[in-house]
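So the chains spell out like this:
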Amino acid sequence: MRSRTSSRRGRPLAANAVSRLAAGIAEIAGADVALERPSDPAHGDYATNVALRLAPAQRRPPRELAEELAERAAELPEVERAEVAGPGFLNLFVTDAFLAEALAEIGEDHGRGSAERPERVNVEMVSANPTGPIPVSAARNGAYGDSVARLLEFAGHDVVREYYYNNVGGQMDRFRASVDARRRGEDPPEDGYHGAYIDELAQLEGDPVQHMLKRIEASLERFRIHFDVWTLQSVVEQKAGEVIEALDTYEAEGTLWARTTGYGDDKDRPLLRSSDGSFLYYAADVAYVRDKFERGFDRLIYVLGADHHGYVARLKAAATMLGYDANRLEALLYQLVHLTKGGEQTKMSKRRGDVVFLDELMDEIGVDAARWYLVNRGPDQAIDIDIDLAAEKSQKNPVYYVQYAHARIAGILRNASEIPSDKVSLGHELAREERDLIKRLAEFPAIVAEATERRGPQALPTYAIRVADDFHRFYHEHRVLESDAQEFRLVLVRAAQRVIARSLDLIGVEAPERM
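Enquirer: Quick rundown of the overall build of the protein chain? Include the residues and the values.
Expert: Across its full length, the protein chain holds 20 helices and 17 strands. Put simply, 70% of the contacts in the protein chain that link residues at least 6 apart link residues at least 24 apart. Entry remark: accessible area of the protein chain is about 23,000 Å², with carbon and sulfur atoms responsible for 45%. Positive and negative charge centroids in the protein chain, built from 66 and 85 side chains respectively, lie 1 Å apart.

Here's what the structure looks like:
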């Protein structure tokens, strides 16, 4: 497991024991240092290739330089011994006192506040038109986008979650016509919408769009996504006319076009029909970009399906034409979701009515499993969710396995007569399992900072499983209560509980006290 903790010329990037160790090595080496966790403990607690990187510039053999660095590193109070391996890797074996210090730093805010320059960030996600309940495909948008938003907030940014939807146009006309047909006892139009939810809406009076929006909001709240702002496309379009005047445009074929090819797009985009002055979709896009920037956001994040890949360049072109830095606009793309049950894949189509909706998924496997499985793969990978496994209440199910570790620790703490403070003294030689668990917990700030920077919340489920693995190995080998090291081990398991809970919370999964 890579630590990725680094330092620049002795200046730690984060105030924790591991980064301070990296800073000490960096000061000795006179260069940036990245510490990694060797997979084999025989190769040290931490290792760095800094000698291999510096040797060519210094015209020295890497091993010779590494030997010199090892001799000086061994003088650091945190280092028990330093060795050279292979062509010039520097392996560090740290003291028990260093690990006890690292453990004492794992408080409630462990890993919080990694942002060097906090920003005001708008995260627009889901944004499905209200023609039906949220399908599982769009649920991935929400799970991914909300997890990114949680990471950004944890890092110290001010985040606003926004839902953008349309209530006019051909798609919405077909939706309303489908409901009206069912109200008359007729079949929906061939190109309309079908399914039980259309029949349900037909039983309600008034505009079905508003009823559908309330249902969407309730589903997303249940999914633990709260939107701060709901923006209507028809309202945004009211300012499209004045925004268009600021663009690089030309007329052709009875249409006004934005010259987006001059700003990185692959083709120019139509804005409005000259014949009747009606706005086309890109006009609303541009107006919406300006609307967000005018609301004072430093960064705009759009969460989009991979089929919207071509949409990214036109959004950035809009920002550039309006005089904004296009690098302040990000588009996060995600792949599809496939569900299997009983070994067979479920097909999805909102219009045909055989779609699997988010509410159905949550009914089947629960909110925790739904959130977990929709973020436990990188957004560039399609997700295959085995419904049977996801619904299983056993340690074969990874989310259950991690939650069980948290609940087991909660049980230990409930049975303890007294919980010591974090500043506990070390009164015994640390066992390998204790050392491994502390080192894993100390990685959390680097893990969460990198996940935030890369917009990659999928790192958290992977990390949480490794923490649970290390905890279970420790618990299997060592008593906590009524042991000679009870005080220290209570602090250790409480730290593990904190890190597990935080890892789960950042992806919208609860950490139960009992299971």
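That covers the picture; the talk isn't over yet.
Enquirer: Help me get a handle on helix α14 (residues 367–375), residues and values and all.
Expert: Along α14, nine of the nine residues are buried, which leaves the element largely enclosed by surrounding structure. Taken together, the buried positions of α14 are Val-367, Asp-368, Ala-369, Ala-370, Arg-371, Trp-372, Tyr-373, Leu-374 and Val-375.

Enquirer: How would you summarise the pairing of strand β6 (residues 89–94) if you had to cite specific residues and measurements?
Expert: Burial of β6 is extensive: five of the six residues sit out of reach of the surface. As paired elements, strand β4 (residues 46–48) and β6 share three bridges and run antiparallel to each other. Its bridge partner being in β6, Tyr-46 is matched across the sheet by Leu-92. As paired elements, strand β5 (residues 79–85) and β6 share six bridges and run antiparallel to each other. In the sheet register, Ala-82 faces β6, and the bridge partner there is Leu-92. Counted along the chain from β5 to the antiparallel partner β6, the turn is three residues long, and its residue Gly-86 has a positive phi close to 55°.

Enquirer: Before we move on, can you summarise the side chain of Thr-255 with the specific residues and values?
Expert: Within the element layout of this structure, Thr-255 appears in strand β11 (residues 255–258). Sequence-distant contacts of Thr-255, defined by excluding residues within four places in its chain, comprise Tyr-250, Pro-270, Leu-272, Ser-274 and Leu-280.

Enquirer: Give a detailed account of the nonpolar core, specifying residues and quantitative values.
Expert: One finds Ile-134, Phe-175 and Phe-223 to be the most contacted residues of the largest nonpolar core, which totals 132 residues. With near-sequence residues (within four places) excluded, Phe-223 lies in contact with Ala-139, Ala-143, Leu-358, Met-362, Val-367, Ala-370, Arg-371 and Leu-374. Ranked by size, the runner-up nonpolar core spans 31 residues in total, among them Val-236, Ala-258, Ala-317 and Met-321.

Enquirer: Outline the sheet that holds β4, supporting the account with residue identities and numerical values.
Expert: With antiparallel pairing, three strands are arranged side by side in an open sheet as β4-β6-β5. For this open sheet the edge positions go to β4 and β5, each flanked by a neighbour on one side alone. Across the sheet, the mean angle separating the axes of adjacent strands is 20° when strand polarity is ignored.

Enquirer: Run through the pattern of salt bridges, naming residues and quoting values.
Expert: Under the criterion given, the structure shown has 50 salt bridges. With its nearest N and O atoms 2.3 Å apart, the salt bridge here joins Glu-105 to Arg-20. With Glu-105 in the loop between α4 (96–104) and β7 (120–124) and Arg-20 in helix α1 (residues 17–29), this pair connects stretches of sequence that are 85 residues apart. Ionic pairing is found between Glu-482 and Arg-479, a salt bridge with its closest N-O pair at 3.6 Å. Just as Glu-482 is exposed, Arg-479 falls in that class too.

Enquirer: Outline the sheet that holds strand β15 (residues 337–341), supporting the account with residue identities and numerical values.
Expert: Pairing in this open sheet of three strands is mixed, and the strands run β16-β15-β17 from one edge to the other. Bordering the open sheet on either side are β16 (344–346) and β17 (383–386), each of which pairs with just one other strand. When the angles between neighbouring strand axes are averaged without regard to direction, this sheet yields 35°.

Enquirer: How would you explain the packing of helix α17 (residues 432–442) against helix α19 (residues 459–477) if you had to name every residue and give the values?
Expert: One way to put it is that α17 packs onto α19 with a least axis distance of 9 Å and a crossing angle of 160°. Between α17 and α19, the angle falls in the class roughly antiparallel. Between α17 and α19 the crossing geometry is left-handed. For the pair α17 and α19, contact is made by Glu-433, Glu-434, Asp-436, Leu-437, Arg-440 and Leu-441 and by Tyr-463, Arg-466, Val-467, Asp-470, Phe-471, Arg-473, Phe-474 and Glu-477, respectively. The residue inventory of the contact of α17 with α19, partitioned by class, reads six nonpolar, no polar and eight charged.

Enquirer: So what's going on with unusual backbone geometry? Which residues, and what values?
Expert: In the Ramachandran plot, Val-126 falls in the positive-phi region, its phi being about 65° despite a non-glycine side chain. Along the chain, Val-126 turns up in the loop between β7 and α5 (136–155). For Val-126, a relative accessible area of 10% corresponds to the buried category. A positive phi angle, near 55°, is found at Arg-455, a position not held by glycine. Mapped onto the secondary structure, Arg-455 falls in the loop between α18 (444–453) and α19. You can call Arg-455 buried: its relative accessible area is 13%.

Enquirer: Can you tell me about helix α2 (residues 50–58), naming the residues and giving the values?
Expert: Along an α-helix, residues three or four positions apart point the same way, because every turn accommodates 3.6 residues. Taken residue by residue, α2 has Val-50, Ala-51, Leu-54 and Ala-55 as its buried positions. Seen along its axis, α2 keeps its buried residues to an arc of 125°; they face one direction. Exposed residues on α2 whose side chains face more than 90 degrees from its buried face are Pro-56 and Ala-57. For α2, the secondary structure elements touched by its buried residues are α1, β3 (33–35), β4 and α3 (62–73).

About the cut-offs
Here the residue numbering is sequential within each chain, running from 1 through the sequence in written order. Since the coordinates come from a predicted model, pLDDT governs what is reported: local features require at least 70, and pairs of side-chain atoms require 80 or more to be given and counted, while whole-chain, interface and lining totals use all residues. Water and hydrogen atoms play no part in the side-chain values, which are based on all heavy atoms of the structure. Put simply, DSSP marks the helices as runs of H or I at least four residues long and the strands as runs of E at least two long, and each gets a number from the N terminus on. The contact criterion used throughout is that any non-hydrogen atoms of two residues lie within 4.5 Å. Every accessible area reported is derived by Shrake-Rupley at a probe size of 1.4 Å, with residue values counting cover from the shown protein chains alone. Only four residue types enter the tally: Lys and Arg on the positive side, Asp and Glu on the negative side; His and the chain ends are excluded. For this purpose, a charge sits on NZ of Lys, CZ of Arg, CG of Asp or CD of Glu. Burial here depends on accessible area, computed with a 1.4 Å probe over protein chains only, as a share of the maximum for the residue type. Under 20% is buried, over 50% is exposed, and the range in between is partly exposed. For two strands to pair, DSSP has to find at least two bridges joining them. Among buried residues, those of type Ala, Val, Leu, Ile, Met, Phe, Trp, Tyr and Cys that are joined through side-chain atoms within 4.5 Å constitute a nonpolar core. Angles shown run from 0 to 180 degrees and are taken between the N-to-C directions of axes, each axis being a line fitted to C-alpha atoms and, for helices, limited to the stretch in contact. Whenever Lys or Arg places a side-chain nitrogen within 4 Å of a carboxyl oxygen from Asp or Glu, that contact is recorded as a salt bridge. Should an angle fall under 35 degrees it is called roughly parallel, over 145 degrees roughly antiparallel, and 65 to 115 degrees roughly perpendicular, with every other angle called oblique. If you view the pair so one helix is near and one far, a crossing is left-handed when the near helix is turned anticlockwise from the far one by less than a right angle, and right-handed when it is turned clockwise. Any residue outside Ala, Val, Leu, Ile, Met, Phe, Trp, Tyr, Cys, Pro, Asp, Glu, Lys and Arg is labelled polar, Gly included; the first ten of those are nonpolar and the last four are charged. The arc refers to the directions leading from the helix axis to the C-beta atoms.

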